[in-house]
Amino acid sequence: MNWKLPFDIPLVVPTMGLPGWFFDSLGVIVFVVHIAFIYTLIGASTASVLYNIFGVFKKSKTNDLLAYKMTNPTTISENMGALWGVAPLLVISVLYTGFFYTAILKVSPHILHIIYGNIFAFLLSYAYKFSWHALHEHKGFHISIGLVAVLTFYTLPPVFMSMSNLYLQPELFATVKNIWDIMLTPLTFFRLINFFLTAFAFTGIVMIYLGVKWVKAGGEDAEVGRLAIDQGKKWFMWAAPVNIAVLPLVFFAFSPRISEAYIHTPFVFLPFAASAVLLILFFFLLKRFSNEEFNGSDATKAMVLMIVAVTLMATARHGIRVVSFEEPLQLQAEATQEYMTNVITEYKAHKEEMKNAPAVVLDPAVSLADSKGCLACHSVDTKLVGPAYKEVAAKGESADVLIASVKNGSQGKWGETPMPTQTLTDDEAKTLVEWVLKQK
C-alpha cells in the first residue's frame, strides 16, 4: 500500500495555499467583466426591439437602423456574457463550495431555467438579427421574435438572483423549501430593481460610446450616431437617479445578521461611493445634454466613470459575501475539525481493538482454494462462472472423478463453459475435493 489516509486535508477552503485576497480580487474582476456584458445584453436587446417599434410607428429609417445596429452588441454580449459567466461561478465555488451547491440544490430544478432559458433566448435573438432584411415586410412577426427573446432574457435574473440570495444567507437553508420562498422577498425585489436600472444606465453609456464612433464614420451612420447619443443620455439620466436612491438600500435588505455586521465594515461606504460616481456622471451628461456633438474624449470619460461605479457595486457585493460567510465558515471549520478528530479517534480505537483481537484461522482448504484462484470462478453457495460447491457436492460424483476434473479439466458437465486444467499436486487436489464434498 503506497498511500496514507488523508487526515490532514484542509477541507474548508481548498485554495492550494494561495492567499484569500487573491481569490477576492479575482472574483471582483471577473464579475465586473461578466456583468458588463450582461448589462449590455439586457439593455441592447431591449433597445433593439424598442427602436424597431419606434421605426414602424414613426416611419423613421433612422430608428430602424439604430435598432438593427443594436443587434450587434446584443449577440456579442450574449457570447461574452456566457463565456465570462463561468469565471465568477468557479471562483465562488472554490471559496464557498458547500454553501453555493447547497443553494443550487434548494432551488432546483428551477435553476435549470438558466440553461434552457438562455438557449431559447439566444436562438431567438440570433433569428431576430439574421432575419432582419428577410422579414422587413413582416415587421409585426419580426418584432414578436425579438420581443419574446427579450422577455425570456428578463426571466433569467430572478432565478439566478434567488439562488445567489440564498447561498449568501445559509441561515435560510432550513426554511426555504423552494425557489419561490426566496424569489418573493424584498431582498430579491431590491436586487432586481438595482440590476435592471444599472443595465439600462450602462446601456445608455454604451449607446453614447457607439454613437460617437458612428458619427465619426459619417454618412448615414452619422445620423444614427446622433440619435444613439441623444437616446443614450436619456437612458442613463432616467435610470441613474432612481438607482442612486435604491443602491444603498439593497445592501441593508439582507438578514439582520448580515446587515448589522455589514455596517461595521469599510464595505458599507462602497454603495454610497457608487451612488456618488453615478451622480457625478449624471451632472457630467446633464452639462452636455443639449450638445448634439459628443466627442470621443467625453464618451471615454463617461464609460470610465460607469465602469468605476459598477466596480464599486461589485466590491460592495463581495463585501456582503465576506461578512455573510465569516461566521458560517468558522462553524464549518469547527464542524469539520470535530468530524476529523472523531474519525481519527475511531480509527485509532479500531487499530487497538484489532491488535488485541485473536488471529483469524482459516480452513487450510479455503486458503488453498483462494491461493489457486478457484474462488474467482466458484463460491460455496452461489453459481458464478462455474457451479457453486454445494451443487458440485450434491451431484454425488466420487472423489476420484472430481480430482481428475480438477487436475485435467472437464467440459460439458456444467454447461458449455469448460473447467480449465489446474496446476495442483495430488495431495492439494485431494484436500480441495474433500472440502468441496463437505459443502452438501
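Scoring rules and cut-offs
Residues numbered from 1 in each chain as written. Predicted model: local features only at pLDDT ≥ 70, side-chain atom pairs only at ≥ 80, totals over all residues. Heavy atoms only, no water. Helix = DSSP H or I, 4+ residues; strand = E, 2+ residues; numbered from the N terminus. Expected span 1.5 Å × (residues − 1). Buried < 20%, exposed > 50% of the residue type's maximum accessible area, 1.4 Å probe, protein only. Contact = heavy atoms within 4.5 Å. Core = buried A, V, L, I, M, F, W, Y, C linked by side-chain atoms within 4.5 Å. Phe/Tyr/Trp six-rings, centres within 6.5 Å; stacked < 30°, edge-to-face > 60°. Lys NZ or Arg CZ within 6 Å of the ring centre and 35° of its normal. Patch = residues over 30% accessible without salt bridge, like charges linked within 9 Å, V, L, I, M, F, W, Y side chains within 5 Å. Areas by Shrake-Rupley, 256 points an atom, 1.4 Å probe, with all protein chains shown as cover. Salt bridge = Lys/Arg side-chain N within 4 Å of Asp/Glu carboxyl O.

Let's talk about helix 11 (residues 270-287)
Each turn of an α-helix holds 3.6 residues, which means side chains three or four residues apart point in the same direction. Its 18 residues give helix 11 an end-to-end C-alpha distance of 26 Å, which sits within 8% of 26 Å, the value for a rise of 1.5 Å per residue. Listing the buried residues of helix 11 in full gives Leu270, Pro271, Ala274, Ser275, Val277, Leu278, Leu281, Phe282, Phe284 and Leu285. Those residues of helix 11 that are buried lie in contact with helix 8 (186-217), helix 9 (220-250), helix 10 (256-263) and helix 12 (296-356).

With respect to the nonpolar core
Among the nonpolar cores identified, the biggest contains 109 residues, and Tyr167, Ile205, Phe236, Leu285 and Met306 are the most heavily contacted of them. The element best represented in this core is helix 8, accounting for 16 residues. In this structure, Ala365, Ala429, Val433 and Trp435 belong to the second largest nonpolar core, which totals 15 residues.

Side note on the packing of aromatic side chains
Centre-to-centre distance and the angle between the planes together describe a pair of aromatic rings. Summed over all chains, the structure comprises 23 aromatic pairs. Ring geometry for Tyr51 and Phe54: centres 5.7 Å apart, planes at 75 degrees, overall edge-to-face. Linking Tyr51 with Phe54, this pair stays in helix 1 (residues 20-58), spanning three residues, or about one helical turn. Note on Tyr51: relative accessible area 1%, which makes it buried. Residue classification places Phe54 among the partly exposed residues on the basis of a relative accessible area of 30%. Measuring from centroid to centroid gives 5.6 Å for Tyr167 and Phe325, while their planes differ by 25 degrees, and the two rings are stacked. With Tyr167 in helix 6 (residues 139-168) and Phe325 in helix 12, this pair connects stretches of sequence that are 158 residues apart. Residues Tyr167 and Phe325 agree in their burial class; the two are buried. Of the aromatic side chains, those joined through ring pairs into one cluster are Tyr39, Tyr154, Phe195, Phe196, Phe200, Phe202, Trp235 and Trp238. When the ring centre of Phe54 is taken as origin, the NZ or CZ atom of Lys58, which lies over that ring, is 5.1 Å away.

Here we look at a nonpolar patch on the surface
Taken together, the side chains of Leu112, Ile115, Tyr116, Ile119 and Leu123 present a nonpolar region at the surface, about 540 Å² in accessible area. Tracing the sequence through the fold places Ile119 in helix 5 (residues 113-130). Ile119 gets classed as partly exposed once you look at its relative accessible area, which sits at 48%.

Some points on the pattern of salt bridges
Inspection of every chain in the model, using the stated rule, returns eight salt bridges. Close ionic contact of Asp298 with Arg288 constitutes a salt bridge, the shortest N to O distance being 3.0 Å. One end of the pair, Asp298, is in helix 12; the other, Arg288, is in the loop between helix 11 and helix 12, and 10 residues separate them in sequence.

Without other data, these values stay purely geometric and don't point to any function.
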